[in-house]
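Remarks on the overall topology
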Amino acid sequence: MKISDIRIKIVEAAGKLKAVASITIDECFVVHDIKILEGNRGLFVMMPSRKSADGIYKDVAHPINTETREMLKTVLVQAYSDKMAESAG
């Protein structure tokens, strides 16, 4: 799997949500609304989700193994950091 494009939209409002991202996989599949949040242990990624009838949020799209989840987190957090550095300077 190759992430062929990453788009980051910085969220200016104060709070835990820092950015919203979209990724293109293998130049043929797009996942929108991936959130980059600040937690107690640093930045983390939340996949797009939808609230079910019972009030619980469920991921709409997500990696099916730890290796892919970690790769996505690393790539998205780096893209966010690059975008922040670019806008700062």
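Anything mentioned here points back to the structure above.
What comes next concerns the included structure. (Residues numbered from 1 in each chain as written. Predicted model: local features only at pLDDT ≥ 70, side-chain atom pairs only at ≥ 80, totals over all residues. Heavy atoms only, no water.)

1. Quick look at the pattern of salt bridges
Any two side chains of opposite charge can pair, so long as their charged atoms come close to each other. This is how the line gets drawn: Any carboxyl oxygen of Asp or Glu within 4 Å of a side-chain nitrogen of Lys or Arg constitutes a salt bridge here.
Applying the stated criterion to the full structure yields one salt bridge. For the salt bridge of Arg 7 with Asp 5, the shortest nitrogen-to-oxygen distance reads 2.8 Å.

2. So, the nonpolar core
The nonpolar side chains of soluble globular proteins are, as a tendency, buried together. Convention followed: Residues belong to a common nonpolar core when they are buried Ala, Val, Leu, Ile, Met, Phe, Trp, Tyr or Cys residues joined through side-chain atoms within 4.5 Å. When a residue's accessible area, from a 1.4 Å probe over protein chains only, is under 20% of the maximum for its type it is buried; when over 50% it is exposed; and in between it is partly exposed. Each helix is a run of H or I in the DSSP string that is no shorter than four residues. Each strand is a run of E no shorter than two, and both are numbered from the N terminus. Residues count as neighbours in contact if any of their non-hydrogen atoms are within 4.5 Å of one another.
Ile 8, Ile 23, Ile 34, Ile 36, Leu 76 and Tyr 80 are the most contacted members of the largest nonpolar core, which totals 18 residues. Within the residue set of this core, elements represented by two or more residues are strand E1 (3-10), strand E2 (17-25), strand E3 (29-39), strand E4 (42-46) and helix H1 (66-88). Setting aside residues no more than four positions away along its own chain, Leu 76 makes contact with Ile 6, Ile 8, Ala 21, Ile 23, Ile 34, Ile 36 and Val 45.

3. Brief notes about the side chain of Ser 22
The condition that has to hold: Whenever a nitrogen or oxygen atom comes within 3.5 Å of another N or O atom, the pair is scored as a polar contact, on the condition that within protein one atom can donate a hydrogen and the other can accept it, and that pairs from neighbouring residues in sequence are kept only if both atoms are in side chains.
As for its position among the elements, Ser 22 is in strand E2. Overall, Ser 22 belongs to the buried group, its relative accessible area being 18%. Within the local environment of Ser 22, its side chain forms a polar contact with the side chain of His 32, the two groups lying 2.8 Å apart. Beyond its immediate sequence surroundings of up to four residues, Ser 22 is in contact with Asp 5, Ile 6, Arg 7, Val 31, His 32 and Asp 33.

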